[in-house]
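Examining the three-dimensional arrangement
Spelled out, the chains give:
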Amino acid sequence: MGPPLPTLSLALLTLTSLIPSTSASYAFYVGRSLTAQNATLIAGTGEEVSSHWLQIFPAKDHSPNATLTVGVTKDAVLPGALFQIPQVPHTYRYMSMEYSDFEGFPAPLTNGGVNEKGVAVRDVWANSRQELYDMTPNPQMGLQYSDLARVVLERASTAREGVEIIGDMIAKYGYADYGGNTHLIADANEGWVVWEFSGGKGLWAAERLGPDVVRVLYPGYIEDFPVDFEHSQDYMGSSNIVSFAVEKGWWNPHGSEPFNIFNAYGYQVPGENLTARDGGNKYMSQAALEEATLAMVPVTEADMRERVRDPRISDDEAGYGQVVSLFQDMDSDMIRVWNAPTGSVAAPFIPWWLGVESIPPSFGEHRYLTTGASSSFLNPDFQLQEASKFAGRIFKRVLYYMCSNPNAYHPMVTDMFTKFENRSATDLSWIEKSAQTLISSGERANARNFLEFYSHTRAGEALDLGRTLTEYLNSHIELSGSWRNPIESAINDAGEGAETVNCLVGFDPDQPAWKQPSNATRRRRSVIRE
């Protein structure tokens, strides 16, 4: 379960806000020199009030006049307009977690995935300073965070090329956002953090993460940055990233302080001395999570699943969990993704490979938590899909039952999920050896069918486990007299930033922050800009 919960200061207990209102996500990067299998590890969660589903996008050839629609609508917190940009002649195959809602950002949106070239992408919130937010044009025009993630998955053959694609897109078409964002892009050799800023000035910066680095983004951050970055292999950025900070007086080139991206462009809370590695977190800062991950070196996939499953990270806000291993010289069909269909504190990770050609209906798109579902009837084309069980809903039930009494239920459920995943991990050696043998023998179609059969089988067994758990937990709660009816009148919470269902022992989501035990206090991550 990782290191003990940190104790936060009394001053932080009284904070009701630290950052602008956003959706959020975690991302972990562990360079291959620090991993047990010499593979870059990418992991994380997505935090959106939304339906989530796993989807495979096949490689595709496009006509010369093909376009794609990008941007945000007038309903976004920073209003914009949709427009079209040219599509490239060929896009790569990729697998990603899709989701259905972020206000003014047209669905489906992508949060985390990997393509056939072994390039993985995650997008993570990281807000711009207030002045940039305020100077954003209305309407704003440009690619938004999901657009940028998708074009990287469709077009990039290396992580470095992914950064270059983002820079090129922003330079040509602009950037539209909700207040700033970062992307973590990685391949088997390196990672990159790309921070895009509000304001309509085309500002962005990127830092390379080498094979001996651990980085956690929540929010994303970049610190010291060379002013002559154009001559460095470890940094990239817009041509105005330094000069604009000087022009606005956000950095003094004649002073003693080095140029620092967070200090110059990051969102600051008046009167609070926040740092790039300690701000906007839930129960653990980025620094604490990085240190906890470093303590696991050499890091395994199981270690990363544990980090993502940690209840200080995974709660009702986490829409899924993901761990991706990026090996050198991998066959594209053998790229492996561990995916939990909702917050992994309450769902098992299931192994998938990029060679899998279909996702079971139970893990595909459903109406649960989908925008507009409560005010419209079902599209008949989706009737069989909707009739299937939905993994996201089943494991949400596990979360709600389990977190009603975490002292009793959380250790048991975690143990069952861990054993389920250990069984899958034990199978990987013969599964992947068999598939690789088929590929080497020219039987790629059979290898894909074999991988798909195994993933579908484990997905079905995961659903069986989820149903068994919900039945057991429901029965235990009822027979032990632990059932309690709601006392509130509203089924939904007070809005973004309100407490959510979680499994932290001693933490009561019905109590305000200042009444919580000191070892389970939480920084709120929402504020309405005035």
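You'll find the structure just up there.
Note that the structure is a prediction, hence the values are computed from the model and not measured. (Residues numbered from 1 in each chain as written. Predicted model: local features only at pLDDT ≥ 70, side-chain atom pairs only at ≥ 80, totals over all residues. Heavy atoms only, no water.)

Digging into the state of the cysteines
As enumerated under the stated definition, the model contains one disulfide in all. Residue pairing for Cys-403: its cysteine sulfur links by disulfide to Cys-503, the two sulfurs lying 2.1 Å apart. Because the sign of the S-S torsion sets the handedness, a value of about -105° for the bond joining Cys-403 and Cys-503 places this disulfide among the left-handed ones. Separated by 100 residues along the polypeptide, Cys-403 in helix 10 (residues 391–403) and Cys-503 in the segment after helix 12 (444–479) bring together distant segments of the chain. (Disulfide = S-S within 2.5 Å. Helix = DSSP H or I, 4+ residues; strand = E, 2+ residues; numbered from the N terminus.)

With respect to the packing of aromatic side chains
The full count for this structure, using the stated rule, is 22 aromatic pairs. The interplanar angle of 70° and the centroid separation of 6.2 Å between the aromatic rings of Phe-102 and Tyr-145 together place this pair among those described as edge-to-face. In this pair, Phe-102 is assigned in the loop between strand 8 (94–99) and strand 9 (109–115) and Tyr-145 in helix 3 (residues 145–155), connecting sequence segments 43 residues apart. Linked through ring pairs, Trp-195, Phe-197, Phe-244, Trp-250 and Tyr-265 together constitute an aromatic cluster. Positioned above the aromatic ring of Trp-338 is the side chain of Arg-305, whose terminal nitrogen or guanidinium carbon lies 4.1 Å from the ring centre. We note Arg-458 situated over the ring of Phe-420; from NZ or CZ to the ring centre the distance is 3.9 Å. (Phe/Tyr/Trp six-rings, centres within 6.5 Å; stacked < 30°, edge-to-face > 60°. Lys NZ or Arg CZ within 6 Å of the ring centre and 35° of its normal.)

Some words on the environment of Lys-389
In this fold, Lys-389 is placed in the loop between helix 9 (383–387) and helix 10. Taking C-alpha positions, Lys-389 is 9.9 Å from Gly-364, a pair spaced 25 residues apart along the chain. Setting aside its immediate chain neighbours within four residues, Lys-389 contacts Ser-362, His-366, Ile-394 and Arg-467. (Contact = heavy atoms within 4.5 Å.)

Observations concerning helix 12
Here helix 12 spans 52 Å end to end across 36 residues, near enough to the 52 Å set by a 1.5 Å rise per residue. Phi turns positive one or two residues past the end of helix 12, at Gly-481, with a value near 70°. (Expected span 1.5 Å × (residues − 1).)

A short note on the pairing of strand 11 (residues 181–186)
For strand 11, the tally of buried residues reaches six of six residues, placing the bulk of the element in the interior. Alternating positions in strand 11 separate into two faces, Asn-181, His-183 and Ile-185 on one and Thr-182, Leu-184 and Ala-186 on the other, with burial throughout. Sheet topology note: the strand 10 (residues 120–125)/strand 11 ladder contains six bridges and is antiparallel. Directly across from Asp-123, in strand 11, lies its bridge partner His-183. Sheet topology places strand 11 next to strand 12 (residues 191–196); six bridges connect them, and they run antiparallel. Looking at the pairing, Ala-186 lines up with Gly-191 of strand 12. Hairpin connection from strand 11 to strand 12: four residues lie between these consecutive antiparallel strands. (Buried < 20%, exposed > 50% of the residue type's maximum accessible area, 1.4 Å probe, protein only. Pairing = 2+ DSSP bridges.)

Looking at the sheet that holds strand 9
Pairing within the open sheet is antiparallel, and its eight strands lie in the order 3-8-9-10-11-12-13-15. At either end of the open sheet lies a strand with only one pairing partner, and these are strand 3 (52–57) and strand 15 (235–237). The sheet shows a mean angle of 20° between the axes of neighbouring strands, taken without regard to direction. Of the pairings in the sheet, the one linking strand 3 to strand 8 comprises six bridges and is antiparallel in character. Counterpart to Leu-54 in the pairing with strand 8 is Met-97. Of the strands in this sheet, strand 3, strand 8, strand 9, strand 10, strand 11 and strand 12 are in contact with helix 3, which crosses strand 9 at around 20°. (Axes fitted to C-alpha atoms, helices over the stretch in contact; angles between N-to-C directions.)

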